[in-house]
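So the chains spell out like this:
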Amino acid sequence: MTGFAAFVRAAHAAGQLVVQPRMGFSDPARMRAGLVATRRAHATTVGTVTLDSYTRVGDYAAVLAAAAEGTPLNGYPIVTTDHATTRHVLSDAAAHGFPVQVRHGSPLPGDIVDALVALGLDATEGGPVSYCLPYSRVPLRESVTAWARCVEAFAAAPGEPHLESFGGCMLGQLCPPSLLVALTVLEGLFFRRCGIASMSLSFTQQTSAEQDAEALRALGRIAADLLPDVDHHIVVYAYMGVHPRTEAGSLALLADATRLAVRGGAARLIVKTPAEAHRIPTIAENVASLEHAAAAARAVAPEAPAIVDTGVEAEARTLIAAVLDLHDDVGEALVRAFASGVLDVPYCLHDDNAGRARAHVDGRGWLRWSSVGSMPIARPDRDLRPVTSGALLDYLHRVEQRYDHPVLTNDTPTAVLS
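Here goes a summary of the coordinates provided. Worth saying up front: this structure is predicted, and the values here are computed from it rather than measured.

Conventions used here
- Residues numbered from 1 in each chain as written.
- Predicted model: local features only at pLDDT ≥ 70, side-chain atom pairs only at ≥ 80, totals over all residues.
- Heavy atoms only, no water.
- Helix = DSSP H or I, 4+ residues; strand = E, 2+ residues; numbered from the N terminus.
- Buried < 20%, exposed > 50% of the residue type's maximum accessible area, 1.4 Å probe, protein only.
- Contact = heavy atoms within 4.5 Å.
- Axes fitted to C-alpha atoms, helices over the stretch in contact; angles between N-to-C directions.
- Parallel < 35°, antiparallel > 145°, perpendicular 65-115°, else oblique.
- Left-handed = near helix turned anticlockwise from the far one by under 90°.
- Nonpolar A, V, L, I, M, F, W, Y, C, P; charged D, E, K, R; others polar.

**Side note on the environment of Val113**
Move 1: For Val113, the location among the structural elements is in helix H7 (residues 110-118).
Move 2: Taking the relative accessible area as the measure of exposure, Val113 reaches 5% and is therefore buried.
Move 3: As a C-alpha pair, Val113 and Ala304 span 191 residues in sequence and 39 Å in three-dimensional space.
Move 4: Not counting chain neighbours up to four residues away, the residues in contact with Val113 comprise Cys150 and Phe154.

Encoded structure:
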């Protein structure tokens, strides 16, 4: 297979946005078919092998029991599947030089990284914070230790091992962009300290195209300043919160994510499908969304709207600097930052998160701080009301309703689709 990082670099240099599904199936034949279909899509694509939930938490007995019962899983069990079978799954990709990334969600990814290295795969993703706080009860210090060990092992693998931080996607929604930018850069610094020389930094589409554009610019500038000695690119995720339930609304949201990625200089886009509001998408549905995103990328006008500076970059730099001041080792600094509330993810229930920060969506659709807890950034206006459960539900469904409403009312406001 062609190296993942080299493929993305070449595509970006040629002005092509790489689009990628989050596809994963437990049946080897179906997983192989998904990779073949992704490769053949009318788009510049890379393949994905997304792992199942049991593998992510190391419950291999449950994986084996499901296999014995013939029960499908929600992803590919790479650790318990014999390497010969997985090599057959990857054989078409290998024969055509098609790069593949393993995506998982584990706070303790040692077995997963061992398996993908043994299989000759050179790309995966996650991070000690981003795959611990949202998805597990594993103590953050334990996750940081496990990630340091496996990243060092991955960095020593042949070729050009590429690691993507999931830090720009914390909880998928309702996290102001300055914190997302800070977290993905901090995980990138952690990766570099562990020996990784090729990485990607993530950012997920949020509630305002204008605010997202500012955040992407900030991420690019900060990464250039703090990670100048490593190969890196930016990856945008199509909206990860409550998704529009209409096909037209979902595709409009995906097209907006594509425009954000292209205009923001991202090299790669993680695509969502209309089916994901209801169920796991089929191979054909994944391919259709990849091709829709590719067509939207080709249609992006070269003139991007002006970006207003509202302080996202300055706030992100302040957070990063405050964390790095806590300890010379980035992993230890991250542990101390969450213990002291220097970093605090809104609405995150993990025991190691202070849980004092809150955010809201303002009248313009921008994500704003309602409370910053102990984070060293400017506090919001004192007259802000506490975020109620009803308001929180409204914020969570705001994007879904904004994109579905024009479809359901036969209206097409330019604010959504332009």
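**Looking at the packing of helix H2 (residues 28-40) against helix H12 (residues 283-298)**
Move 1: At a minimum axis distance of 10 Å, the contact between H2 and H12 shows a crossing angle of 20°. Viewed along their axes, H2 and H12 adopt a mutual orientation that is roughly parallel. Crossing handedness for the pair H2 and H12: right-handed. Here H2 contributes Arg30, Ala33, Gly34, Ala37 and Thr38 to the contact with H12, which in turn contributes Ile283, Val287 and Leu290.
Move 2: Considered class by class, the residues forming the contact of H2 with H12 number five nonpolar, two polar and one charged.

**Notes on the side chain of Thr204**
Move 1: For Thr204, the position within the fold is in strand S6 (residues 198-204).
Move 2: Here Thr204 is in contact with Gly168, Cys169, Gly172, Leu180, Tyr237, Ala238, Tyr239 and Met240, once residues within four sequence places are set aside.

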